[in-house]
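Coordinates in review
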There are 2 protein chains.
Amino acid sequence: MAHALQLFKPIRGKRTFEEISSEIKRLIFDGVLKPGDKLPSEIELARMFAVGRQSVREALRLLELSGFLNIRRGVKGGPVVEDTLFNKIGNLFLNAFKFKKISLEDLTKARIEIEKSVLLYAIENADAEDLKSLKDNIRKAKSTLRKGNPAFEENIDFHRLLARSSKNHVFLLVMESILAVLSDFTSRVNDVGLDRSREVTLCHEKILRAIQAKDREEGTRVLEEHLNEVRRILVED
Amino acid sequence: MAHALQLFKPIRGKRTFEEISSEIKRLIFDGVLKPGDKLPSEIELARMFAVGRQSVREALRLLELSGFLNIRRGVKGGPVVEDTLFNKIGNLFLNAFKFKKISLEDLTKARIEIEKSVLLYAIENADAEDLKSLKDNIRKAKSTLRKGNPAFEENIDFHRLLARSSKNHVFLLVMESILAVLSDFTSRVNDVGLDRSREVTLCHEKILRAIQAKDREEGTRVLEEHLNEVRRILVED
DNA sequence: TCACATTTGTCCGTATGTATC
DNA sequence: AGATACATACGGACAAATGTG
């Protein structure tokens, strides 16, 4: 019987701004509005929906935070359809972490398991372009290191590229969320770490070689060792 | 050099409602405000922050959508700190799916890999209470089936309980997101499916037995078979 | 460089809906 | 049933930002 409940109308009537938000979202889902498209100004939207400007603004807030559009101020500004969904999900994930809903222990453990799967998919599906991106990443990291700076951004980006190589958007999304937390970490503890960044980069290089050689065993071994090392570093701080 | 950028102030001055939102969020992170606590009314908040009510309202919109509080209307109503983070992340994940950012193919493939890890952790960490919940779930599903109804809700809930048994909140969160999509699916195609729900319930029973016996091989085998079956069913529709 | 137009950002006053006592 | 306290919503006004000529 429970599943039949879905047939009835929602008991609690939606608020005005929620209806406006849903309506605009529907247009985006249906492809009527596409990334890059500019929406009418708040005043015009209010006229079109026959509501006050406040309701329109609150609807836009929801869509903005959900990752469907950006809002620019000034002339030629206004709401623009823009896809930042993965980014926003990463933000919420980071919130959950800060809210103590997720421990560093849980994060790193789950990461090891998930990233092993990602690696296997990457070995299977990475194309020439992916390999080039990964190689470029390592080259840039080494260049940064030679200048005497830790290559934190490049190190994090390596895992993003790895997820992209898996050709699976769920993996990419989960990885994006995990990296949002790690970025937050490294952005705060940014002294010391040159040596560690160097070690990390070397590990990444080994992983890349395993992908090129399609060596699952070696790849998994190095990755697991690498992530356990990262885990130890993080827990120390 | 890139990492040093984080030291500077944000270039773009935050908007008023964003600052208010951050401030309240900070109080929640720091534990000053806890779930169940009631915040002052909009009017009072506006007075306290020395801003207009509209700014407060938009700040509350952000916090509401982010899963930090609920807002109740009427006397004795107002903003109440309430943790619905996982729920909201699931919603955004569902959005990403509807927005065609994620294919059913990607979802089911990733799910198989992730849930295999979840199962191994569950076998390791499930306590007596978890086993009881899982058993109850299957009993309830069977009861529903005997009444001639498909046990969709119970079937989905089984996987939630499985993730809970893993004792890892990241797994739980990822599972919650995946199930949000599946719930949306089954809520729309709710005719036919009694036989399938019966098969699914039997599979769940086998998985539970494998957990009780701590049999990793058998558990992984049944789970993989089960999820592949689910995948076939979903892709058919 | 400067003035102008457009659009978001913000505040205020007021009215209505809604839930609790 | 009526009073109360709150969110919800409308309209008008001005400030701030920003692209354009």
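What this report covers is the structure whose coordinates are included nearby.

The rules we used
The residue count restarts for each chain, going from 1 along the sequence in the order it is written. Naming scheme: in the order in which they are written, chains are lettered from A and ligands are numbered from 1. Under the rules for a predicted model, residues below a pLDDT of 70 receive no local features and side-chain atom pairs below 80 are neither given nor counted, while totals for whole chains, interfaces and linings still include all residues. Computation of side-chain values: all heavy atoms of the structure, hydrogens and water removed. Near is defined per residue: the residue qualifies when any heavy atom it owns lies within 4 Å of the molecule or strand. Whenever a nitrogen or oxygen atom comes within 3.5 Å of another N or O atom, the pair is scored as a polar contact, on the condition that within protein one atom can donate a hydrogen and the other can accept it, and that pairs from neighbouring residues in sequence are kept only if both atoms are in side chains. What sets the superposition is a least-squares fit of C-alpha atoms, and only residues with pLDDT of at least 70 in both copies go into it. All axes are obtained by fitting lines to C-alpha atoms, using only the stretch in contact for helices, and the reported angles, taken between N-to-C directions, cover 0 to 180 degrees. A helix here means a DSSP run of H or I that spans at least four residues, while a strand means a run of E at least two residues long, and both kinds are numbered starting from the N terminus. Oblique is the label for every angle not falling under 35 degrees (roughly parallel), over 145 degrees (roughly antiparallel), or within 65 to 115 degrees (roughly perpendicular). Left-handed describes a crossing whose near helix is turned anticlockwise from the far helix through less than a right angle; right-handed describes the clockwise counterpart. Two residues qualify as a contact provided that any one of their heavy atoms is within 4.5 Å of a heavy atom in the partner residue. Here, a strand pair is defined by DSSP locating no fewer than two bridges between the strands. What gets called buried area is simply the loss in accessible area from a 1.4 Å probe that two parts show on being joined, summed for both. Any Lys or Arg side-chain nitrogen found within 4 Å of a carboxyl oxygen on Asp or Glu counts as a salt bridge. Three categories are distinguished: nonpolar for Ala, Val, Leu, Ile, Met, Phe, Trp, Tyr, Cys and Pro, charged for Asp, Glu, Lys and Arg, and polar for the others, with Gly belonging to the last. Put simply, two rings from Phe, Tyr or Trp (the six-membered ring, in Trp's case) pair if the centres are within 6.5 Å, and we call them stacked under 30 degrees between planes, edge-to-face over 60, tilted for the rest. The buried label goes to any residue with under 20% of its type's maximum accessible area, the exposed label to any with over 50%, and the partly exposed label to all in between, with areas taken from a 1.4 Å probe on protein chains only. Each ring is checked for a lysine NZ or an arginine CZ that lies within 6 Å of its centre and within 35 degrees of its normal; such an atom marks a charge sitting over the ring.

Moving on to the protein's contact with DNA strand D. Residue and element names in this part refer to chain A. What surrounds DNA strand D is a group of 24 residues, the closest being R15, T16, G52, Q54 and S55. Each atom of DNA strand D within 4 Å of the protein was assigned to sugar, phosphate or base; sugar and phosphate come to 71%. Within the side chain of R15, one N or O atom sits 2.4 Å away from a phosphate oxygen of DNA strand D. One of the side-chain N or O atoms of T16 is found 2.3 Å from a phosphate oxygen in DNA strand D.

Note on the copies: chain B fits chain A at an RMSD of 0.1 Å, the axial shift is 0.0 Å, and the rotation between them is 180 degrees. What the rotation and shift describe, once combined, is the action of a two-fold rotation axis.

Take the packing of helix α5 (residues 104–125) of chain A against helix α5 (residues 104–125) of chain B next. Running from N to C, α5(A) and α5(B) cross one another at 140 degrees; their axes reach a closest spacing of 10 Å. Between α5(A) and α5(B), the angle is such that the two are oblique. The two elements α5(A) and α5(B) meet at a crossing, and its hand is right-handed. Contacts between α5(A) and α5(B) involve K109(A), E113(A), I114(A), S117(A) and Y121(A) from the former and K109(B), E113(B), I114(B), S117(B) and Y121(B) from the latter.

The full set close to DNA strand C counts 23 residues, and R15(B), T16(B), G52(B), R53(B) and S55(B) are the nearest of them. Between DNA strand C and the protein, one listed contact pairs a phosphate oxygen with a backbone N or O atom of E42(A) at 3.2 Å. At 2.6 Å from a phosphate oxygen of DNA strand C is found a side-chain nitrogen or oxygen belonging to S55(B). Breaking the surface near DNA strand C down by element, the ones donating at least two residues are α3 (53–66), β1 (69–72) and β2 (78–81) of chain A together with α1 (16–29) and α3 (53–66) of chain B.

This part takes up the pairing of strand β2 (residues 78–81) of chain B. Across a regular strand the side chains alternate sides, sitting on one face of the sheet and then on the other. All names here are of chain B. As judged from the four bridges shared by strand β1 (residues 69–72) and β2, these two strands associate in the antiparallel manner. Its bridge partner being in β2, N70 is matched across the sheet by V80. Two successive antiparallel strands, β1 and β2, enclose a turn made up of five residues, where G74 displays a positive phi of approximately 85 degrees.

With that settled, the discussion passes to the side chain of R57(A). Checked against the element boundaries, R57(A) lands in helix α3. Engagement of the side chain of R57(A) in a polar contact is seen with the side chain of E42(A), the distance being 2.9 Å. R57(A) has contacts with E42(A), F17(B), Q54(B) and E58(B), leaving out every residue within four places of it along the chain.

In this section: the interface of chain B and chain A. Taken together, the 56 residues of chain B in the interface contact 56 residues of chain A. Across the chain B/chain A interface, buried area totals approximately 5,600 Å², and carbon plus sulfur atoms make up 64% of it. Linking chain B with chain A are eight salt bridges. Our count for the chain B to chain A interface comes out at 14 residue pairs in polar contact (both at pLDDT 80 or more). Looking at the side of chain B that touches chain A, the elements that each hand over two or more residues are α1, α3, α4 (85–98), α5, α7 (152–165) and α8 (169–188) of chain B. No other element matches α4(B), which puts nine residues into the side of chain B that touches chain A. Along the lines of polarity and charge, the residues of the side of chain B that touches chain A split into 27 nonpolar, twelve polar and 17 charged.

Scanning all chains against the criterion turns up ten aromatic pairs over all chains. Taking the centre distance of 6.0 Å and the plane angle of 70 degrees together, the rings of F97(B) and F185(B) count as edge-to-face. You can see F97(B) sitting in helix α4 and its partner F185(B) sitting in helix α8, a full 88 residues away along the chain. In this structure, F97(B) and F185(B) share a single accessibility class: buried. Here the aromatic residues F29(A), F68(A) and F99(B) are joined through ring pairs into a cluster of three or more. Positioned above the aromatic ring of F86(B), the side-chain terminus of K101(A) is 5.0 Å from the ring centre.

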